[in-house]
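Structural overview
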Amino acid sequence: MSQLILFNITNGLIIGAFYALMAIGLSLILNLSGVINFAHGGFLVIGGYLAYTLTPYLGFWGALLVAPFLTAIIGFVVERLLIRHLYGRDPLYSLLLTFGLAFIIEDATRQIWGAQGLPVSVPAALSSPLSYEFFFITGYRMFMVATVAIVVGLLFVLLRYTRIGVRIRAGTLDLDTVAALGVNVRALRSLNFAVGIFLAGLAGVLAGGQLGLEPTMGDGLLMPSFIAIIVGGVGSLTGTLLGGLLIGVASGLTAVIFPSASEAVVYVMMAVVLLVRPRGLLGEEGMMT
Amino acid sequence: MSKDLNGRSIQRRTILKAGLAIGTMQVVSPFVVRALGDEPVKIGLDNPLTGTYAAVGKNELIGCQLAVDQLNAKSGILGRKIELLIEDSTSGDAGTAVQKARKLIERDNVDFLVGNVNSALAQAMAQVSNEKGVLHIVPGGHTDGITGTNCKWNVFRVCNTTRMEANAVSSLLFKTYGKKWHFITPDYAFGHTLYQGCEADLKQLGGTVTGNELTPLGTTDFSAYLIKARAANPDVLIVLVQGNDMVNCLKQIAQFGIDKQIHVAGTQQELEPVEAMPPEARVGVWMFEWYWKQAAGTPGLDQFVAEIRKRNDGKVPTARTWFGYVTIHAYALACEKAKSIEAKAVARTLADMELPPEVKLQPNKVYFRGGDHQLMLSAFIGELLQKGDGDPENLFKVSDIVAGDSIAPSVAETGCKMDMPA
């Protein structure tokens, strides 16, 4: 039993790392632009499918590098054409827009790549378990965790030490003042949105190796990511990271004790956090209002 | 060709109005008269075109369309053209499915309702069709109740029941793989009845269940369940999840190397998810409800495969395509035999009707059982192939084709009490 629990904590951290990658992208966009991006799962799907299309030409590694950038460009265009018009309005507007976008992306994917799922193999070097005992730790899953760690690390460095990063963080706290100081808020928001979508695209490429690539694959991953943000605390990227890891471990542990509640437990966690500490574990006071 | 009547009925109504208002326009009136005289037989398809079941829903649609075109190229049904009206039921929203069923019946006046892939949606639609007295065939929803405890005089089913699926493979798995089974089951109506069937069979054979992991529909990560399953040390890991969940589960089983330590198998398997898996995930013994590669000389099979390939970018028909095809042809045959499209007359004829070779496209007798309106279709049992044998889409090696009535529980066991109105 204790081995089972240890296995599931480790396993939960692996899954949690993936949720965190999704959630941090969502969180970036939410913090600076106040947009609850329901189309995030759609962008994940675009990333996955682009990688599938590019793999025959660039190989897995090439696709892994290029597909998220292409997804980010699509995200940038969408932000310029559609989303920016709704800044400053009630968040409900952008929520409805991105909700509709999610459907459009799903159907467009179905039109372009077909309704049936597509087979994706991971490189042979990564496709087997590292040991017989710890069979659930495969090369690919380790690679996923490492990728998430590197990308999230880079993002934190970018936000902490670069001029753009400082502006994004400042904008999160008080956008009006940042604008008054002469920062081009329009460009800042577009760039920030594109970075968020880049993370979604990357998550899509990584997910393609683990999950079936099909037009609705983003749906099941979106909700845990929202919950990661709420549990971790709106406004805090560290909190989001922590939230992602926590819900991964919680659902893994519940699967040992009471399997059919492994999905419900993340919602229970969210409810408890909202009741006891509405701002989330590391959230700033007042960010939820 | 099929048309969405939504657009068309408005068009005709506009023409009618114009005709009445102007009155003198001789060009219009002959058209109106002809349209009323040649009122087509209307078939309403209320099936998923979006969401998780979009791929299988689309294949059922292609099968329906082929049958409609074939019939229309001859003399339709009783000399009347067939019109196929298509609605998207969504993959999981019973409210939408019911609303679309009502729209097809009340507004479009369809003579015959078809749907649904999703068991829950199929049952909800059956309530509506029964209330309205419209003949209804469920092409692809498997939960037992549809032709069991919830059976209805107007509702027929083409695909297997979950109990038939369990019975088809249980004894083979027991004999070849061992007696300790661990299950990964989808946590909804379909999964529950399928698990109960397998468990009952296993107990009868003298085996034991080491555990049953109930997984929510749409589960993306199965690792926690797989860790538990392996710790229980069973002889066989039985995967009952379907569709994309099946793709995810088998993909992860293959990556974890579990298929090399425990036998992996299941009941129902379909070509759609198998094609969406990478080769290494295509493992285990399964049953297909229909398979395109059969012994040479199966009447009508080659032609059917060729026709579907022509319509679907070269892709072969799946069990779903066949469900759609059989549904329309069975209805047409029953109408011709009853010399009527009146629901009760057609239902009475369809009960106990045997399908001819060019429709059933398989060996064994295939017929609707009068007692519960369940089609007795064969089960194709065999093993998945990692690489296509002779054709990239030939991914299943059929070892046995078992007659449907040999695996179906008796009508009394299904719990169906058919209430045929006079």
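None of these values were measured; they are calculated from a predicted model.

Cut-offs applied
Residues numbered from 1 in each chain as written. Chains lettered and ligands numbered in written order. Predicted model: local features only at pLDDT ≥ 70, side-chain atom pairs only at ≥ 80, totals over all residues. Helix = DSSP H or I, 4+ residues; strand = E, 2+ residues; numbered from the N terminus. Rg over C-alpha atoms; globule rule 2.2 N^0.38 Å. Contact = placed C-beta atoms within 7 Å. Buried ≥ 20, exposed ≤ 12 C-beta atoms within 10 Å, placed from the backbone. pLDDT = per-residue confidence, 0-100. Pairing = 2+ DSSP bridges. Axes fitted to C-alpha atoms, helices over the stretch in contact; angles between N-to-C directions. Expected span 1.5 Å × (residues − 1). Domains from an automatic or database assignment.

**Notes on the overall build of chain B**
Secondary structure assignment for chain B yields 16 helices and 14 strands. The globule rule puts the C-alpha radius of gyration for 422 residues at 22 Å, and the 22 Å found for chain B is close to it. Viewed in the frame of its principal axes, chain B has a C-alpha envelope of about 85 × 45 × 45 Å. In chain B, the share of contacts with a sequence separation of at least 24, taken over all contacts with a separation of at least 6, comes to 70%.

**Overview of unusual backbone geometry**
Residues and elements named next belong to chain B. You will see that leucine 78, though not glycine, has its phi angle at about 50°, which is positive. Mapped onto the elements of the fold, leucine 78 is located in the loop between α3 (54-73) and β2 (82-88). One non-glycine residue, histidine 373, lies in the positive phi region at around 65°. One can find histidine 373 in the loop between β11 (367-368) and β12 (375-376). Looking at histidine 373, the number of C-beta atoms within 10 Å reads 27, which means it is buried.

**Section: the confidence of the model for chain B**
As a general rule, the predicted coordinates of low-pLDDT regions are not to be interpreted in detail. Residues and elements named next belong to chain B. Looking at chain B as a whole, the pLDDT averages 90, with 91% of positions reaching at least 70. In the predicted structure, residues 1-12 sits below a pLDDT of 50 and forms 13 contacts with residues beyond four places in sequence or in another chain. Across the interfaces of the predicted complex, the ipTM metric reaches 0.86, alongside a pTM of 0.86.

**Points about the sheet that holds strand β7 (residues 208-215) of chain B**
Residues and elements named next belong to chain B. What the 7 strands build is an open sheet, ordered β7-β6-β8-β9-β10-β13-β14; its pairing is mixed. Here the strands that pair on one side only, and so sit at the sheet edges, are β7 and β14 (396-402). With direction set aside, neighbouring strand axes in the sheet form an average angle of 25°. In terms of strand pairing, strand β6 (residues 180-186) meets strand β8 (residues 236-239) through 4 bridges, oriented parallel.

**Structural notes on helix α4 (residues 139-161) of chain A**
Helical geometry: 3.6 residues make up each α-helical turn, so side chains three or four residues apart lie on a common side. Residues and elements named next belong to chain A. The end-to-end C-alpha distance of α4 is 32 Å, a good match for the 33 Å that 23 residues give at a rise of 1.5 Å each. Looking at α4, one finds that the buried residues are Arg141, Met144, Val148, Val152 and Leu155. Buried residues in α4 make contact with α1 (2-33), α7 (185-210) and α9 (237-257).

**What about the domain arrangement of chain B?**
Residues and elements named next belong to chain B. Once the domains are mapped, chain B shows domain 1 (1-38), domain 2 (41-160 + 294-377) and domain 3 (163-288). For domain 2 and domain 3, the distance between their C-alpha centroids amounts to 28 Å. Among the elements of the structure, α3 and α5 (119-132) are those that each provide at least two residues to the side of domain 2 that touches domain 3. At 3 residues, the largest contribution of residues to the side of domain 2 that touches domain 3 is made by α3.

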